[in-house]
Amino acid sequence: MVAGLYGPAVLAQDPPSEPENEEQAAENAADATELETITVTGSLINRLGFNSMSPVQIITADVSATTGQLDTASILQTTSVASGTTQISNQFSGFVVEGGNGNQSIALRGLGASRTLVLLDGKRPGPAGTRGQVGAFDLNVIPSVILQRVELLKDGGGSIYGSDGIGGVVNLITRKSVDQPTLIFETDLPQEAGGSSYSVSGATGWNFDNGSIVAAFQFYDQQPLSVGDRDFLACPQDLVRDASGNIVDREDRSVIGDTALGGCNNLYYNTVISGANRYIPSPDGVTIGPIPGYRPRANANASGGNPAYYEDVLNADFFGESHIFSSQERSSLFVGADFSFDRVDWSGQLLYTNRETESRRFRQFFPTMDYRSVGLSANSLPVMPFKSDANIDVDFLYAASSFKGGFGSDSTWSWNFDTTFSRSDGDYEVFSIDANKTGDRFRDLDGGGAPVNYLDPVFLSGRGMERLAQEIGVWHTGNTVYDQFVVNATATGELFELPAGVVAAAIGTEFRRISIDDNPSELERTGRLWGQSSATGTEGKDYIQEIFGEIEVPLLSGIPGIEELAVNASGRVFKYDTVADSDSIWKLGMRWQIIPSLSVRATRGTSYRAPGLYELFLGDQTSFVGQFAIDPCIDWGNSTNPNVRANCAAEGIPDDYNGAGSSATVITGGGLGVLKPETSTATTAGIVFTPSWANFTASVDYFEIDVRDQISQLGAGAIVGSCYALPNYPNAFCDLFNRRGTGSDPLNIDVIRDSYLNINKQLVRGYDLNLRWDGDFNFGKVEVESQFTYTMENVEQLFDSSLESGFDSNDYVGLISYPKLVGNVRSSLTRGDFTYTWGMRYVDETENFNFTQPAAYFGNPNPVYDTVAEDRLYHTLSVIYRADSWDLLVGVDNVFDKDPPNVSTGTATRYGNIPAFATQYDWFGRSLYARMTYRF
């Protein structure tokens, strides 16, 4: 992560070297001659040092920068507690994600971003993003120049901080003062094209007798990573082998088969579907039918020693411009102040960030046309490419004010009164298709006919895409505003003294007001966009009132086998206006210092997540989606997914079913009055070893989090796709839609029901291991530290049984995107003005063990699909030189240029040949990163 202000000479209150875990922090605190009371993440009680009963990991921005984490999102998403599951970042251009395109969030323990609470200096900022599904904190809004460290609470934090802390709490700690004006330039440059980033930032400060002011700015630019920038993205292949290991992929015998574009399955287009025929550009130049230069395709399975082949056009040169990582620009301003006035301290913060994200993609356009006049069917589908572009512009404002004081010189009690306000105001501009300009017989309500001849090869091939965009394309803009206002008052101090120590407590109350107002464009609200859902907007608000408390009691101390034994209890009572009844949660903790070098800690408690505003108030929507876009059983005889082939056949759908007919209806909406809050129970137990004879610390913690009544919206595509693509059929996904069954098109999908619902449960459990050692030698100071997470179980049960969910097992551990073991190791040597760092990051091997190897692949018996994503060990090397007025950091990430692993088609959702949701892997390749810091 970029440490905007690197080096001990810059920041008056920042130590030159920060510990990376709470055990080392406690050791450092014990060595100090004077100790000030501090508040540790996970507790409200002021205490001496980091003697927390909960597992807390501390990550410093400066140290993270040495291993190539150069922004807030990368430092958090690569931690072991997060990288064991998919993280939402800027690489999901083209996917629908909560918070909108370009949003970057953090999800601890694989429980989702909405179940991870993010704090800024111990206070709750609001989320940011676009569209109605804004609910999670967007890491884009935190400029790295202001970030000093991160404290990760790795168990449930609901009793201390309220809703959303089911998976844990991320506390972002900002820098508090600046001694010298500082200017920082940094860059991250992949060896291959695409994905480079640049940043310029600066900070200055003013110190006074009674306080300080810090001001900082940052501008960040991320260039897109496109499909054509990497070989493993540019040419998706089936990657199916025979028993001897030979590739048996179908041959590309289309008009592009002998070109550089051949053999790659990126986009299905340049086709006219009419009845049982699919007219494609004639590879041999022979015209059969009404379209000059086209004829019905003649795909064939392998037989008699001849290979399987296809004649469909599945790639295009323009598709290489499709974004995987969207382009993004961010501009941030920050002002922070801390002052003491007699017996009252005041601190304030003001943060503004603007984010602009641009996504460039391509989609299919296939209007239903009556071409009987030229000898085709009444429901013909000309399939052609079309632009799918989007521009996102989000303004985020956060203001915080905090007063702190005591209750008198004779009292140990102190009080805090905090107020925060945040607003996210985002525009989303999308390039779509105006249905009333298309001539589509089912979607064009004006009935004006097609503006161009869709059977013209110029449009079918994409050469006329710009002209087509002018005729039927339209830019439209929606806006989303999310406001959050929080008032919090706490008091903490000592109650009385026992023989083992002082009993301390904290009490407090909090009020929150949250609101969302999402207004899609008029075209989207009125359903005039072809191939796109209509949206009526999302508008709603909630008021939350809470009372909470915490007490810590030292039970025993100073006896053999019990250096110290203390317990902690906390609880919270709350009422949401959108939930009928009030509720409460609790947490118990224990810390047992057996001997000075060995301690045991444990916690158990409950947490709570009320339904988000978008889950409650999403406007009731009835949208329409074409059969060709939603039904995997269309032409399933040419599908490369063996589950789809088997399950569509089991339903009695012909292998050449063409899907002709009117669109399917998708019904969605919020769950106000129906959804129940989520609840959870979290348990941790750990051992901490800090021997006095070495600068060494080690901790092992067991964690278990059981979440019940999770809230989810499955998605229309996921509902239909999961019905047919999962190993077990039929399953509960199949109950959420129906086919017409009667009429002229009985196999058409009729209605898909996709509202928010409470699913069954999720259970995550495993171990965290943290190690740290440092030593001083005549050649310099050496530091070695590591963090590993081993996940034993991650059960996500959507319905009552695994078979209803469509899988043989609901335990996702070891599946692609869910590695059992992830971790990182950092080693450094400081010698004079130089620090040399070697970092390693490990991702365990994963496999889609739910995948059933099919009996045949297009006539090839006993095919072998690659279901394994191999492990990866990434290496990073860097060096820092520190001078009096400037520092220079230079490093190389992914030193050995390891590509992500390839898997076969149908075994995972893929970008190119790699798993799209396995965000643990590096997609950029070997990269050079550098940072220049100059102090005036």
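Definitions and cut-offs
Residues numbered from 1 in each chain as written. Predicted model: local features only at pLDDT ≥ 70, side-chain atom pairs only at ≥ 80, totals over all residues. Heavy atoms only, no water. UniProt positions renumbered as here; feature names shortened; annotations may be inferred. Helix = DSSP H or I, 4+ residues; strand = E, 2+ residues; numbered from the N terminus. Rg over C-alpha atoms; globule rule 2.2 N^0.38 Å. Buried < 20%, exposed > 50% of the residue type's maximum accessible area, 1.4 Å probe, protein only. Areas by Shrake-Rupley, 256 points an atom, 1.4 Å probe, with all protein chains shown as cover. Patch = residues over 30% accessible without salt bridge, like charges linked within 9 Å, V, L, I, M, F, W, Y side chains within 5 Å. Salt bridge = Lys/Arg side-chain N within 4 Å of Asp/Glu carboxyl O. Arc of directions from axis to C-beta. Contact = heavy atoms within 4.5 Å. Disulfide = S-S within 2.5 Å. Lys, Arg positive; Asp, Glu negative; His and termini not counted. Polar contact = N/O pair within 3.5 Å; in protein donor to acceptor, adjacent residues only side chain to side chain. Axes fitted to C-alpha atoms, helices over the stretch in contact; angles between N-to-C directions. Parallel < 35°, antiparallel > 145°, perpendicular 65-115°, else oblique. Nonpolar A, V, L, I, M, F, W, Y, C, P; charged D, E, K, R; others polar.

As annotated in an unreviewed UniProt entry, the protein chain carries the name TonB-dependent receptor and comes from Arenimonas metalli CF5-1. Under the Subcellular location (unreviewed entry) heading, UniProt states for the protein chain: "Cell outer membrane".

1. Some words on the overall build of the protein chain
Counting its secondary structure elements, the protein chain contains 13 helices and 49 strands. Whereas a compact globule of 936 residues would reach a radius of gyration of roughly 30 Å, the protein chain reaches 29 Å, a difference of no more than 12%. With respect to the principal axes defined by its C-alpha atoms, the protein chain has extents near 95 × 65 × 50 Å. Within the protein chain, buried positions represent 60% of all 936 residues. Total accessible area computed for the protein chain in this model is approximately 35,200 Å², and 54% of it derives from carbon and sulfur atoms.

2. Looking at a nonpolar patch on the surface
Where nonpolar side chains cluster on the molecular surface, the patch consists of Phe217, Leu333, Val335, Leu350, Tyr352 and Leu397 and spans about 500 Å² of accessible area. Those elements giving two or more residues to the nonpolar patch turn out to be strand E18 (327-341) and strand E19 (344-365). Secondary-structure assignment places Leu333 in strand E18. Residue classification places Leu333 among the exposed positions, given a relative accessible area of 52%.

3. Observations concerning unusual backbone geometry
Note: most residues except glycine have negative phi, and most peptide bonds are trans. A cis amide bond links Tyr729 to the next residue, Pro730, at an omega of -5°. Residue placement: Pro730 occurs in the loop between helix H12 (716-725) and strand E33 (737-739). Backbone geometry places Phe858, a non-glycine residue, at a positive phi of 45°. Counting through the fold element by element, Phe858 comes out in the loop between strand E41 (856-857) and strand E42 (860-861).

4. Quick word on helix H7 (residues 465-472)
Every buried residue of H7 is accounted for by Met465, Leu468, Ala469 and Ile472. Down the axis, H7 shows its buried residues gathered within 100° of arc, on one side only. The secondary structure elements touched by the buried residues of H7 are E19, strand E20 (381-406), strand E21 (414-433), helix H6 (457-460) and strand E22 (473-498).

5. Points about the state of the cysteines
By definition, a disulfide links two cysteine residues through a covalent bond between their sulfur atoms. Applying the stated criterion across every chain yields a total of three disulfides. Paired through a disulfide, Cys235 and Cys264 show a sulfur-sulfur distance of 1.9 Å. Between Cys235 and Cys264, the S-S dihedral sits near -90°, and the bridge is therefore left-handed. On the criterion of sequence distance, the pair formed by Cys235 in the loop between helix H5 (231-234) and strand E11 (240-241) and Cys264 in the loop between strand E12 (251-252) and strand E13 (271-274) is long-range, its members being 29 residues apart.

6. Observations concerning the side chain of Arg250
You can see Arg250 is positioned in the loop between E11 and E12. Although Arg250 is buried, it forms no salt bridge, and the closest oppositely charged side chain is Asp238 at an N-O distance of 4.5 Å. At 3.4 Å, the side chain of Arg250 forms a polar contact with the side chain of Asn638.

7. Overview of the packing of helix H11 (residues 642-650) against H12
In the contact formed by H11 and H12, the axes pass within 7 Å of each other and the chain directions differ by 85°. Viewed along their axes, H11 and H12 adopt a mutual orientation that is roughly perpendicular. Facing Asn643, Val644, Asn647 and Cys648 of H11, the residues of H12 in contact are Cys723, Tyr724 and Ala725. Across the contact of H11 with H12, the residue classes tally to five nonpolar, two polar and no charged.

8. Quick word on the pattern of salt bridges
Under the defined criterion, the tally for this structure stands at 43 salt bridges. Between Glu552 and Arg591 there is a salt bridge, with the nearest N and O atoms lying 3.8 Å from each other. Note that Glu552 is positioned in strand E24 (residues 538-559) and Arg591 in strand E26 (residues 583-595), a separation of 39 residues in sequence. Using a relative accessible area of 10% as the deciding quantity, one classes Glu552 as buried. Owing to a relative accessible area of 7%, Arg591 belongs among the buried residues under this scheme. We note a salt bridge from Glu783 to Arg772, for which the minimum N-O separation is 3.5 Å. Taken together, the residues Glu783 in strand E37 (residues 780-797) and Arg772 in strand E36 (residues 761-777) connect sequence positions eleven residues apart. Judged on exposure class, the residue Glu783 and its partner Arg772 are both buried. Several salt bridges share partner residues, and in doing so they unite Arg772, Asp774, Lys781, Glu783, Glu785 and Arg826 into one network.

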